[in-house]
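Results of the structural survey
Residues per chain, in single letters:
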There are 2 protein chains.
Amino acid sequence: MRDVAIIGIGMNKWGELWESRIRDLYVESALAAMDDAGVDHVDSMYVGCMSGGLFVGQEHIGALMADYLGQAPVPATRVESACASGGAAVRLGFMEVASGMSDIVLVGGVEKMTDVDGGGATYALATAADQEYEAFHGVTFPALYAMMARAHMAKFGTTREQLAQVAVKNHENGSKNPKAQFPFKVTLEQVINSTAVADPLCLLDCSPVTDGAAAIVLASVETAKRLGKHQIVKITGSGQASASIAYHSRRDLTFLSSTEKAAQAACKMAGCTPSDVDLFEVHDCFSIAEIMVIEALGLVEPGKGGPATMAGATAIGGEFPVNASGGLKAKGHPVGATGVAQVIELTEQLRGDAGARQVKNARKGLAQNMGGTGASATVHILEVE
Amino acid sequence: MRDVAIIGIGMNKWGELWESRIRDLYVESALAAMDDAGVDHVDSMYVGCMSGGLFVGQEHIGALMADYLGQAPVPATRVESACASGGAAVRLGFMEVASGMSDIVLVGGVEKMTDVDGGGATYALATAADQEYEAFHGVTFPALYAMMARAHMAKFGTTREQLAQVAVKNHENGSKNPKAQFPFKVTLEQVINSTAVADPLCLLDCSPVTDGAAAIVLASVETAKRLGKHQIVKITGSGQASASIAYHSRRDLTFLSSTEKAAQAACKMAGCTPSDVDLFEVHDCFSIAEIMVIEALGLVEPGKGGPATMAGATAIGGEFPVNASGGLKAKGHPVGATGVAQVIELTEQLRGDAGARQVKNARKGLAQNMGGTGASATVHILEVE
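Scoring rules and cut-offs
Residues numbered from 1 in each chain as written. Chains lettered and ligands numbered in written order. Predicted model: local features only at pLDDT ≥ 70, side-chain atom pairs only at ≥ 80, totals over all residues. Domains from an automatic or database assignment. Contact = placed C-beta atoms within 7 Å. Helix = DSSP H or I, 4+ residues; strand = E, 2+ residues; numbered from the N terminus. Nonpolar A, V, L, I, M, F, W, Y, C, P; charged D, E, K, R; others polar. Least-squares fit on C-alpha atoms with pLDDT ≥ 70 in both. Axes fitted to C-alpha atoms, helices over the stretch in contact; angles between N-to-C directions. Parallel < 35°, antiparallel > 145°, perpendicular 65-115°, else oblique. Left-handed = near helix turned anticlockwise from the far one by under 90°. pLDDT = per-residue confidence, 0-100.

1. Overview of the domain arrangement of chain A
Residues and elements named next belong to chain A.
- Assigned domains within chain A: domain 1 (4-117 + 210-233) and domain 2 (130-207 + 235-384).
- Averaged C-alpha coordinates put domain 1 and domain 2 at centres separated by 22 Å.
- Facing the 38 residues of domain 1 at the interface are 34 residues of domain 2.
- For the side of domain 1 that touches domain 2, the secondary-structure elements that each account for two or more residues are β1 (4-11), α4 (85-99), β4 (104-112) and β7 (211-220).
- Tallying contributions element by element places α4 first for the side of domain 1 that touches domain 2, with eight residues.
- Per-class residue counts for the side of domain 1 that touches domain 2 are 22 nonpolar, 12 polar and four charged.

2. Some details on the relation of the copies chain A and chain B
- The transform that puts chain A on chain B rotates by 180 degrees and translates by 0.0 Å along the axis, for an RMSD of 0.0 Å. When the rotation and shift are considered jointly, the pair of chain copies conforms to a two-fold rotation axis.
- A share of 100% of interface residues in chain A that are also interface residues in chain B marks the association as one of identical surfaces.

3. Notes on the packing of helix α6 (residues 141-156) of chain A against helix α11 (residues 287-296) of chain A
All names here are of chain A.
- Contact geometry of α6 with α11 gives a least axis separation of 9 Å together with a crossing angle of 55 degrees. One way to sum up the angle between α6 and α11 is to call them oblique. In this structure, the crossing between α6 and α11 has a hand that is left-handed. Residues Y145, M148, A149 and H152 of α6 form the contact with α11, whose own contacting residues are I288, A289 and M292.
- A per-class count over the contact of α6 with α11 returns six nonpolar, one polar and no charged.

4. Focus on unusual backbone geometry
Residues and elements named next belong to chain A.
- The omega torsion of the bond from A72 to P73 falls at 15 degrees, within 30 degrees of zero and hence cis.
- For P73, the position within the fold is in the loop between α3 (61-68) and β3 (76-80).
- Omega for the bond connecting D199 with P200 falls within 30 degrees of zero, at 10 degrees, which places this linkage in the cis form.
- Structurally, P200 is set in the loop between β5 (196-198) and β6 (201-202).
- Located in the positive-phi region is N323, a residue other than glycine, with phi close to 60 degrees.
- If you trace the backbone, N323 turns up in the loop between α12 (305-310) and α13 (327-331).
- The backbone of N361 sits at a positive phi, close to 55 degrees, despite the residue not being glycine.
- Structurally, the position occupied by N361 is in the loop between α14 (338-351) and β10 (364-371).

5. Section: the interface of chain A and chain B
- Counting from both sides, the interface comprises 54 residues of chain A and, opposite them, 54 residues of chain B.
- Elements represented by at least two residues in the side of chain A that touches chain B include exactly α2 (52-56), α3, β3, α4, β8 (233-242) and α10 (257-270) of chain A.
- A per-element tally of the side of chain A that touches chain B places α4 of chain A first, with six residues.
- When its residues are assigned to classes, the side of chain A that touches chain B shows 25 nonpolar, 20 polar and nine charged.

6. Here we look at the confidence of the model for chain A
- Residues at a pLDDT of 70 or more form 100% of chain A, whose mean pLDDT is 97.
- Scoring of the predicted complex yields 0.98 for pTM and 0.97 for ipTM.

Right, dumping it as structure tokens:
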């Protein structure tokens, strides 16, 4: 397996984009990535998308996007692992270049979530849970994560304020991200007093419903050097893992085992540990999720995620900055695109192009993307040469 | 890239299986494949599935199946390319073993199509077409293929009888396949006089709506030899291509360009031409499709697919046997599983285990799987050592 570089990145401004179709979102982002890379042709494509079928009545997303991007007849495959669809697509693109099967691979992610009503979006997202044992009975994702939050609070004494601080910190970061859906700051009081969704989670603990896309171009390091447009940012580790999908099969509701295992695999490949990493983009679909992810990554002991967040460890300038982009919370969460956008943020940071949200001396980054309530997770490690 | 062998195969009997859930179909087939391989653990999984969301309200299919198969925490990714989802999954499993990233990979395909009413299945399948320019206006897959058939008849003089002969031949073969949904013979008169669906296509020109799954275990040739359970059947070529999704963008309605390009790529990798191949499993979702596929593969000149079929060239014992399994027509077409089942049939044939439908001296087989009306296609070439 040979080294793989990220040679181009692109994403549209995320939000409620009623004037754009799913293909428009994708093509805008993919063209930006190809322009950033300086290529007008790719050898192969992967498109992460959770539910084109339920959100916009469109499957066959890979071929559709290859066609509208003007890249047909290249191979184009849609990849799905619920909200980790983007991360799974990154992994396949990495594998295809690393194997030598292709030299230049376009990895995109896209979701058009606002063309259904609120109930439609909630139903579509709930298909990431176990339909027969969970979703069918009416449980929704805010409810599932609220159960995790309650369990975490009961076991470790995690507080309402600690949960809210995740949102405060991510909106602080997101206020500096021009691509973010909600680029504004919020206070602890605003989060805690926002509309209740599923106790203890309020509206501002939840990532939003978003239309958006993200794309990266991967290539061999030789090709990256030949093109010579950017500093070489490499993917040095890729890990993926699964876990029980339904809660009733889990040993522990407060620990994300798939994230731990995916991180171990990625770190083994990269020859590092999470403590060697300078910054993290993680899956904060709900405030409790970010706390549990930093625990699963081993950045803090189980139960210490809340206090560490409150103490500023995860802020830009903190001990281990998390979600400098604003995270899913402020940047938005078009589910199939999120895992790709995490890699874009890390690439901008490692290139030193992150502007007002730049993490100083960023040399190594880790992206963690998660499907459902953690039944799947992907982790990628990026390093600048 | 190293050599890849098929070390295990498994599929359930296909049909209208109202007593089985999607996970049951998958697990039954996957366990059969693992048993055939003699392994109780795999390193990674790919699951081809077109629309778990629209058919059964379940996305996150990869993680779900890993969980219910007892293989979590292995990486598990769902792959979609409409009706070529299975072929796309085979390609990714092949790539993962060939790259050395994993040693043993389980590739499955599954679709549970009968838990919606007829209109629901027609809607779900139509999402493989361009939703905005085709499906939205009410066009269905029988209608789309009927347009291809009419264009082919107008351009080349293909006859109604030639179309019907595809179904007659495939039901003849399928009558010898115990796993087939419709294991019985039909006559030319029965096909032509069956209920009209979309002129010129009648009910018996159309593949059915099916519940089913199929799974194969891939491994390095070294591992295959160590396990030593079967003759070594290798995947020696893999090709995939895309094409315009909507008809209005195509130069020629009568030619399947993605199949041609995928076959060229697979043959280049395998170092052969389609004329070197002993038997073919191809995507006969409608009778016209098989005729167009053998033309796109270059087995006959464009326009000669109908006469060749009528002359018996594609029958078992003919010049180039096509769909000895019974094809999608008689075996059934659970869309995400079809591409994997094609590889199973070829493996059985190459092992010499195909019983009453055995193609004599089968050493090399080709599987062609197609998404939508040909916006995507995969081709794999298998050889027995």
